[in-house]
Amino acid sequence: MAPMRASEAAPLAAERDGQPSALASRLAPPIPGSALWGWLGPLLVTAFGAFLRFSRLSVPHAVVFDETYYVGDAYGILRHGVELNHVKNADALLASGKSTRILTSVPEFVVHPPLGKIMIAGGEWLFGLTPFGWRFSVAVLGSLAILLTARIARRMTRSTLLGCMAGLLLALDGLEFVMSRTALLDIVVMFWVLASFGCLVVDRDRSRARIAAAAAAAPGAGDGGPRLGIRWWRFLAGLCIGLACASKWNGIWYVPVFGCLAFAWDVGARRAAGFTRPVRGALLRDASWLPVSFGLVPAAAYIASWSGWFASTDGYDRNWAGQHGNHTPVLSALDSLYQYNKAMWQYGVNLTTHHPYQSWPWTWLVMSRPVSFSYNPSSASCGAKSCAQEVLAIGTPAIWWASILALVVCLAWWLARRDWRAGAVLAGVAAGWLPWFWYAWDDHRTMFYFYAVVFDPFLVIAITLCLGLLIGPAMAGAARRAAGATAAGVYLIAVLANFYYLYPALAAQVIPYSSWLSRMWYHGWI
């Protein structure tokens, strides 16, 4: 793994004068190895993860946990463009497969934006109102997240091997696995957040290459660096983060964090190229586009996700403005949407109802209270007198517990070396995790461990960075790299064994009760 720090920032005037290729290789070093394997390796890991996620996707053949809301809501959007209230026995009808008459004609007050439910509706449109149908889209997104993680980690570390390791870790994480097989919204948020981050990493490479080229072509041209103009990868990052917010509001914290990250990378690139006033250069030449990329574009994506509600006359609060005297075209619709979203916000921050599986965010990394999505003391034959069948939303301990150490290492690494990769994963974890501390402390809001899936890929990348440090750089001695590679390999085998052991409790396999109980390592897991 190539060493790359924000403090590679030492002025490089000599390199600009005589070695432009050296400057470019420092700002945007090429990824070594085969481009073919750069895709083939991550695709093979993704295929493995997809096989795990799609195998027995219809099990359990029932509506589990919060699918009770989103399956019917998605079907309402599919049929009517908006969510409608469900009949009282909707879950039983869905489980029996005998009827799709699960909706009333009454508009439903919902507490999350529509995009995640629109994506779930895509699977229902393709495969019907069946467990496979309503879980299809989340399985696709969960599988594609493996590919994204592998490609992003590859670009960050300049190593196809480490990229594939990152993808494999996500493929073997229990929480990502369960959320990829359950029609909830959190995996949708995670996917779009990860896609946005990937776009930013690509933009970082491309902008640094352009800055290096400009510095080499005109060494004395200004002290702030070139103007880079429209950066389409950054626009795409803004679009993706807007789609995350349009799935569930906890994506919004990534908007300022990714905006600050992008600006910091701009400053670092100009400093690394030897420009003497990098902050001024980034502010005057690039920052003017940040409100567009991380303001207007996400807002437009969010509003567009409500298109079915706008087009309908039956959506909840759709006619609020007209009922209160506002009949101005366009503005009245936006006024109604604002009032609806205001009510959603008030519901969300005031949700304090106790739930037996709720947990506080400071316990999430140790997984002291995972969530049982489904438990059935099965009567099916399992070779024992008593059987059990469960879907337990829990991460793979070998990943989550190792991530605690990995985050500490990344924090020390960033403080000591200002390595941009360590800082990036810390920012990704912080944006998805720390806001919940405020809601826990100030609002005592009901919350669950599976919310942490949003920053799960950043934990995996943090572990991967540490594995890269363990293996050592390419110039390290053969014995050093062999020992590091062996240790990394042992860790990956431990993760695989841990996931394999937990798999029955993750995938609703019917097993003897004693076997199920042996997998409950802590009383809070029951």
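It should be noted that the structure appears before, not after, this text.
Owing to the predicted nature of the structure, the values given are computational and were not obtained by experimental measurement.

Under the counting rule described, the total for this entry stands at one disulfide. Note on cysteine connectivity: C382 is disulfide-linked to C387, with sulfurs 1.9 Å apart. Across the disulfide from C382 to C387, rotation about the S-S bond amounts to roughly -90°, and the bridge is consequently left-handed. Of the two residues, C382 and C387, neither departs from the other in class, the shared state being buried. Looking at C245, it has no disulfide partner, and the nearest cysteine sulfur is the one in C240, 11 Å off. C245 gets classed as buried once you look at its relative accessible area, which sits at 9%. Among the cysteines around C260, which has no disulfide bond, C245 carries the closest sulfur, lying 15 Å off. Taking the relative accessible area as the measure of exposure, C260 reaches 55% and is therefore exposed.

Strand order across the open sheet formed by three strands is 3-4-5, with antiparallel pairing between neighbours. On the outer flanks of this sheet lie strand 3 (371-376) and strand 5 (511-512), each paired with one strand and no other. Bridging between strand 4 (residues 387-393) and strand 5 involves two bridges; their strand directions are antiparallel. Directly across from C387, in strand 5, lies its bridge partner P512. Most of the contacts of helix 22 (residues 478-506) go to strand 4, to which it runs at about 105°, and overall it touches strand 4 and strand 5.

Our next topic: helix 19 (residues 420-433). For an α-helix the count is 3.6 residues per turn, leaving residues at separations of three or four pointing the same way. The first and last C-alpha atoms of helix 19 sit 20 Å apart over 14 residues, in line with the 20 Å expected at 1.5 Å per residue. Burial of helix 19 is extensive: twelve of the 14 residues sit out of reach of the surface. If you follow the buried residues of helix 19, they end up packed against helix 7 (131-157), helix 10 (186-217), helix 12 (254-272), helix 18 (397-417), helix 20 (435-443) and helix 21 (456-471).

Where helix 8 (residues 160-171) meets helix 21, the closest approach of the two axes is 9 Å, and the angle between their N-to-C directions is 140°. The angle between helix 8 and helix 21 falls in the class oblique. Crossing geometry of helix 8 relative to helix 21 is assigned as right-handed. In this structure, helix 8 uses L162, M165, A166, L169 and L170 to contact helix 21, whose residues at the interface are D456, P457, V460, I463, T464, L467, G468 and I471. Considered class by class, the residues forming the contact of helix 8 with helix 21 number ten nonpolar, two polar and one charged.

What follows concerns the nonpolar core. Among the nonpolar cores identified, the biggest contains 143 residues, and F197, F258, F373, W400, F450 and F455 are the most heavily contacted of them. For this core, the element with the highest residue contribution is helix 10, accounting for 13 residues. Once residues within four sequence positions are removed from consideration, F197 is found in contact with I152, M156, F258, L261, W265, A424 and F458. Residues L23, A212, A273 and F275 belong to the second largest nonpolar core, which totals ten residues.

Backbone torsion omega between V59 and P60 reads 0°, so that peptide bond is classified as cis. Positive phi, close to 55°, is recorded for H444, a residue that is not glycine. With respect to the helices and strands, H444 occurs in the loop between helix 20 and helix 21.

As a further point, take the pattern of salt bridges. Applying the stated rule across the entire model yields 13 salt bridges. Here R231 and D266 are joined by a salt bridge, their closest N and O atoms 3.0 Å apart. Of the two residues, R231 sits in the loop between helix 10 and helix 11 (232-245) while D266 sits in helix 12, which places them 35 residues apart along the sequence. For the pair shown, R231 and D266 are each scored as buried. A single network of salt bridges, built from pairs that share partners, joins D203, R231, R234, D266, R270 and D286.

What counts, and at which threshold
- Residues numbered from 1 in each chain as written.
- Predicted model: local features only at pLDDT ≥ 70, side-chain atom pairs only at ≥ 80, totals over all residues.
- Heavy atoms only, no water.
- Disulfide = S-S within 2.5 Å.
- Buried < 20%, exposed > 50% of the residue type's maximum accessible area, 1.4 Å probe, protein only.
- Pairing = 2+ DSSP bridges.
- Helix = DSSP H or I, 4+ residues; strand = E, 2+ residues; numbered from the N terminus.
- Contact = heavy atoms within 4.5 Å.
- Axes fitted to C-alpha atoms, helices over the stretch in contact; angles between N-to-C directions.
- Expected span 1.5 Å × (residues − 1).
- Parallel < 35°, antiparallel > 145°, perpendicular 65-115°, else oblique.
- Left-handed = near helix turned anticlockwise from the far one by under 90°.
- Nonpolar A, V, L, I, M, F, W, Y, C, P; charged D, E, K, R; others polar.
- Core = buried A, V, L, I, M, F, W, Y, C linked by side-chain atoms within 4.5 Å.
- Salt bridge = Lys/Arg side-chain N within 4 Å of Asp/Glu carboxyl O.

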